[in-house]
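Spelled out from the first residue to the last, the chains are:
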Amino acid sequence: MFHGERYIELSKALAPKQFEHKTFHTTFIVRKGKIQKIGVNSLKTHPRNLQYKYIGKEGKDIRSMIGVHSELNAIIKYGREDCSDCTFVNVRINKNGEVAIAAPCRGCQSVLRQVGFRKVYYSTDAGAFQQWS
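Residues numbered from 1 in each chain as written. Predicted model: local features only at pLDDT ≥ 70, side-chain atom pairs only at ≥ 80, totals over all residues. Heavy atoms only, no water.

**Student:** Can you lay out the overall build of the chain for me, pointing to particular residues and giving the numbers?
**Tutor:** Assigned secondary structure in the chain consists of 3 helices and 6 strands. Counted from the first residue to the last, the chain has its helices and strands arranged as α-β-β-α-β-β-α-β-β. A buried classification covers 45% of the 133 residues belonging to the chain. Sequence separation of at least 24 residues holds for 61% of the intrachain contacts in the chain that already meet a minimum separation of 6. Just so you have it, the chain exposes about 7600 Å², and 50% of that area is on carbon and sulfur atoms. (Helix = DSSP H or I, 4+ residues; strand = E, 2+ residues; numbered from the N terminus. Buried < 20%, exposed > 50% of the residue type's maximum accessible area, 1.4 Å probe, protein only. Contact = heavy atoms within 4.5 Å. Areas by Shrake-Rupley, 256 points an atom, 1.4 Å probe, with all protein chains shown as cover.)

**Student:** Provide a residue-level description of the side chain of threonine 26, including the pertinent values.
**Tutor:** For threonine 26, the position within the fold is in strand E1 (residues 23–31). There is a polar contact of 3.4 Å between the side chain of threonine 26 and the side chain of serine 11. Apart from residues no more than four positions distant in its own chain, threonine 26 is found in contact with Ser11, Leu14, Ile38, Gly39, Val40, Ser70, Val89, Asn90 and Val91. (Polar contact = N/O pair within 3.5 Å; in protein donor to acceptor, adjacent residues only side chain to side chain.)

**Student:** Give me helix H1 (residues 5–14): which residues, what numbers.
**Tutor:** Since there are 3.6 residues in each turn of an α-helix, residues three or four apart along the chain are aligned in direction. Taken together, the buried positions of H1 are occupied by Tyr7, Ile8 and Ser11. Looking straight down H1, one finds that the buried residues subtend no more than 100 degrees of arc, so they occupy a single side. Of the exposed residues in H1, the ones pointing more than 90 degrees away from its buried face are Glu9 and Ala13. Buried residues belonging to H1 abut E1, strand E2 (34–40), strand E3 (87–94), strand E4 (99–100) and strand E6 (129–132). (Arc of directions from axis to C-beta.)

**Student:** Tell me about unusual backbone geometry, and please be specific about residues and values.
**Tutor:** Phi at lysine 32 is positive, roughly 55 degrees, even though this residue is not glycine. Here lysine 32 shows up in the loop between E1 and E2.

**Student:** Mind laying out the environment of serine 123, listing which residues take part and the relevant values?
**Tutor:** Relative to the assigned elements, serine 123 resides in strand E5 (residues 119–123). Classification of serine 123 by relative accessible area gives buried; the value is 0%. For serine 123 and tyrosine 7, which are 116 residues apart along the polypeptide, the C-alpha to C-alpha distance reads 9.5 Å. Once residues within four sequence positions are removed from consideration, serine 123 is found in contact with Asn90, Val91, Arg92, Val99, Ala100, Ile101, Ala102, Ala128 and Phe129.

**Student:** Lay out the packing of aromatic side chains in plain terms, naming residues and giving numbers.
**Tutor:** This structure, assessed with the given rule, holds 5 aromatic pairs. Where phenylalanine 2 meets phenylalanine 129, the ring centres are 5.2 Å apart and the plane angle is 75 degrees; that geometry is what we call edge-to-face. Residue phenylalanine 2 is found in the segment before H1, and its partner phenylalanine 129 is found in strand E6; the two are separated by 127 residues along the sequence. Accessibility assignment for this pair places phenylalanine 2 and phenylalanine 129 in one class, buried. With a centroid separation of 5.1 Å and an interplanar angle of 35 degrees, the aromatic rings of phenylalanine 117 and tryptophan 132 are classed as tilted. On the criterion of sequence distance, the pair formed by phenylalanine 117 in the loop between helix H3 (106–115) and E5 and tryptophan 132 in strand E6 is long-range, its members being 15 residues apart. Of the two residues, phenylalanine 117 and tryptophan 132, both sit in the buried class. Within the aromatic cluster, the residues linked to one another by ring pairs are Phe2, Tyr7, Phe28, Tyr121 and Phe129. (Phe/Tyr/Trp six-rings, centres within 6.5 Å; stacked < 30°, edge-to-face > 60°.)

**Student:** Account for the pattern of salt bridges, naming residues and giving values.
**Tutor:** Two side chains carrying opposite charge are able to pair once their charged atoms lie near each other. Inspection of the entire model under this criterion finds 2 salt bridges. Arginine 31 is the partner of aspartate 85 in a salt bridge, and the nearest nitrogen-oxygen pair spans 2.5 Å. You can see aspartate 85 sitting in the loop between helix H2 (70–78) and E3 and its partner arginine 31 sitting in strand E1, a full 54 residues away along the chain. Arginine 80 is the partner of aspartate 85 in a salt bridge, and the nearest nitrogen-oxygen pair spans 3.1 Å. On the basis of relative accessibility, which here comes to 25%, the residue aspartate 85 falls in the partly exposed class. (Salt bridge = Lys/Arg side-chain N within 4 Å of Asp/Glu carboxyl O.)

Any functional reading would require information beyond the geometric quantities listed.
Take a look at the structure:
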């Protein structure tokens, strides 16, 4: 069982008082037990969005419509294309300050596969963590 209480505490501390989105997402890139980079979601876009496959529910390419998700933001900050020795931890905080489910979307799943993650954990509505594979 993955214990991510410190990531929840950090996410709550980083969350702005007013969110750009409905929720605040944080992604931690962890290597050898140490946080390497922290990414957050943003309404702004980035040219790197075009590099990865973000496909919507209807199979449409949505890269130009999305902002930067916390996973991609963390990868951009980390600056490495090979993350095979890294663990990703996703946390979502809603507007009430509660932990919510933060499973990677289909587009971020594609990005995570492309950079070769080791493990990905995400928060659940119950405040626990689940591993994505």
